[in-house]
2 protein chains.
Amino acid sequence: MTVGENLLADGVCMPGAELTVPAEDLAPLAARVKVLGDPTRMRIVQILAANGSVCACDLEEPLGLSQPTVSHHLRQLTEAGLVVRDKRGTWAFFRVADAEVADLASAVRGLAARS
Amino acid sequence: MTVGENLLADGVCMPGAELTVPAEDLAPLAARVKVLGDPTRMRIVQILAANGSVCACDLEEPLGLSQPTVSHHLRQLTEAGLVVRDKRGTWAFFRVADAEVADLASAVRGLAARS
DNA sequence: AGTCAATATCGACAGATGTCGATGTGGTGA
DNA sequence: TCACCACATCGACATCTGTCGATATTGACT
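Nothing here was measured: the structure is a model prediction, and the numbers come from that model. (Residues numbered from 1 in each chain as written. Chains lettered and ligands numbered in written order. Predicted model: local features only at pLDDT ≥ 70, side-chain atom pairs only at ≥ 80, totals over all residues. Heavy atoms only, no water.)

Enquirer: Would you mind showing me how to read the overall build of chain A here?
Expert: When helices and strands are counted, chain A shows five helices and three strands. Split into buried and exposed, the 115 residues of chain A put 41% on the buried side. Contacts spanning at least 24 positions in sequence make up 47% of the contacts within chain A whose residues lie at least 6 apart. Roughly 5900 Å² of accessible area belongs to chain A as shown, and the carbon and sulfur atoms make up 52% of that amount. (Helix = DSSP H or I, 4+ residues; strand = E, 2+ residues; numbered from the N terminus. Buried < 20%, exposed > 50% of the residue type's maximum accessible area, 1.4 Å probe, protein only. Contact = heavy atoms within 4.5 Å. Areas by Shrake-Rupley, 256 points an atom, 1.4 Å probe, with all protein chains shown as cover.)

See below:
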């Protein structure tokens, strides 16, 4: 739907139309979405979701990546709040932060919702 | 189960545990999520959602970016199917592909859902 | 034709990002 | 204490990505 008072005929550009700029800082949201945008990390989330709580050492093989790399991705996911770290003794177990992922999904859907 | 070292008491790592690997190719999904993961592109989607159909020329100012850069982001969004291009004469109008964004959001939520 | 305006594309550049090997850290158990 | 294991961090590297100016391309209107 067109906006502004200077809407001309149909299908014409309207420069001064003051686009609605919510100025809502979606940088944090974008950052979390970006973290999920990596195939490897998305795969990790999928594996965690399917297995509940998984030891980091069990991720290297299915992912086909080195231990430092897996650790790096787990760090990104954890810092984004999409995954929860649970260290037990020598091992580190990870699980999906269901609520956070759900919130993110809902925020994304909300983006496209007409205001 | 030959007790081996795997699968012991509670809270212990279980290496041979055959993680559920759906092998579902989430590369395409990751790619679309990645496109949305950029703050500028997310902002574009937000603006389009709020204004319906917007001319590309009206995006440069609110975004504070050059015309080639805006064009580049619009291309990414369009190729990802998150936005629809509608060229009228000299201008190019864009609008959010509501259904696609909704699908993406729902797919993301589905990721965290325990199988 | 010719000119102007809006977009798209190209080429180049700086900065971010994923990856690895090597090394550090901390807990477990002989 | 020592060795071993899982994990985190570091340093380096190649690649990807966002950005811009310059240059096409396309459409509209004399």
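Enquirer: Looking at this structure, how should I read the protein's contact with DNA strand C?
Expert: Near DNA strand C lie 23 residues; those nearest to it are Arg-41, Thr-69 and His-73 of chain A together with Arg-75 and Arg-85 of chain B. By atom count, sugar and phosphate contribute 73% of the portion of DNA strand C lying within 4 Å of the protein. In the model, a phosphate oxygen of DNA strand C is placed 2.8 Å from a nitrogen or oxygen of the Arg-41 of chain A side chain. Ser-71 of chain B places a polar side-chain atom, nitrogen or oxygen, 2.9 Å from a phosphate oxygen of DNA strand C. (Near = heavy atom within 4 Å. Polar contact = N/O pair within 3.5 Å; in protein donor to acceptor, adjacent residues only side chain to side chain.)

Enquirer: Is there a simple way to explain the sheet that holds strand E2 (residues 83-88) of chain B in this structure?
Expert: Each strand in a sheet pairs with its neighbour through backbone hydrogen bonds, running either in the same direction (parallel) or in the opposite one (antiparallel). Residue and element names in this part refer to chain B. Spatially, three strands are ordered E1-E3-E2 in an open sheet, and the strand pairing comes out antiparallel. Two strands bound the open sheet, and with one partner strand each, they are strand E1 (54-55) and E2. Both E2 and strand E3 (residues 91-96) contribute to a ladder of six bridges, which runs antiparallel. Bridged to Arg-88 within E3 is Trp-91. (Pairing = 2+ DSSP bridges.)

Enquirer: How should I be thinking about the pattern of salt bridges in this particular structure?
Expert: All names here are of chain B. In this structure the tally under the stated criterion is six salt bridges over all chains. Taking the shortest distance from any N to any O, the salt bridge between Glu-79 and Arg-75 comes out at 3.2 Å. Within this pair, Glu-79 and its partner Arg-75 are both found in helix H4 (residues 67-79), separated by four residues, close to a single helical turn. What makes Glu-79 exposed here is its relative accessible area of 55%. Between Asp-86 and Arg-88 there is a salt bridge whose closest N-O contact spans 3.0 Å. Taking the relative accessible area as the measure of exposure, Asp-86 reaches 26% and is therefore partly exposed. (Salt bridge = Lys/Arg side-chain N within 4 Å of Asp/Glu carboxyl O.)

Enquirer: For this particular structure, what's the right way to read the protein's contact with DNA strand D?
Expert: Taken together, the neighbourhood of DNA strand D is formed by 23 residues, with Ser-71 and Arg-85 of chain A together with Arg-41, Thr-69 and His-73 of chain B sitting nearest. In the interface set of DNA strand D, defined as its atoms within 4 Å of the protein, sugar plus phosphate atoms amount to 75%. Lys-34 of chain B places a side-chain nitrogen or oxygen 2.7 Å from a phosphate oxygen of DNA strand D. Measuring from a phosphate oxygen of DNA strand D, one finds a side-chain N or O atom of Arg-41 of chain B at 2.7 Å. Among the elements of the structure, helix H4 (67-79) and strand E3 (91-96) of chain A together with helix H2 (39-51) and H4 of chain B are those that each provide at least two residues to the surface near DNA strand D. When its residues are assigned to classes, the surface near DNA strand D shows eight nonpolar, 10 polar and five charged. (Nonpolar A, V, L, I, M, F, W, Y, C, P; charged D, E, K, R; others polar.)

Enquirer: Explanation requested: the packing of aromatic side chains in the structure shown.
Expert: The description of an aromatic ring pair rests on the distance of the ring centres and on the angle between the ring planes. This model, assessed by the stated rule, comprises zero aromatic pairs over all chains. For the cation-ring pair, Arg-88 of chain A lies above Phe-93 of chain A, with the distance from its terminal atom to the ring centre recorded as 4.1 Å. (Phe/Tyr/Trp six-rings, centres within 6.5 Å; stacked < 30°, edge-to-face > 60°. Lys NZ or Arg CZ within 6 Å of the ring centre and 35° of its normal.)

Enquirer: Would you explain helix H5 (residues 98-112) of chain B in this entry?
Expert: Within an α-helix, residues lying three or four positions from one another point in the same direction, as the helix has 3.6 residues per turn. Over its 15 residues, H5 of chain B extends 22 Å from the first C-alpha to the last, a length consistent with the 21 Å expected when each residue adds 1.5 Å. Those residues of H5 of chain B that sit buried are Val-101, Ala-102, Leu-104, Ala-105, Val-108, Leu-111 and Ala-112 of chain B. If you follow the buried residues of H5 of chain B, they end up packed against helix H1 (27-36), helix H2 (39-51), E3 and helix H5 (98-112) of chain A together with helix H1 (27-36) and E3 of chain B. (Expected span 1.5 Å × (residues − 1).)

Enquirer: How do you make sense of the environment of Leu-63 of chain B when you look at a structure like this?
Expert: All names here are of chain B. Structurally, the position occupied by Leu-63 is in helix H3 (residues 60-63). Look at Leu-63 and you get buried, because its relative accessible area is 15%. Through-space distance from the C-alpha of Leu-63 to that of Ile-44 is 8.1 Å; in sequence the pair is 19 residues apart. Those residues in contact with Leu-63 that lie beyond four places of it in its chain are Thr-40, Arg-43, Ile-44, Ile-47 and Val-70.

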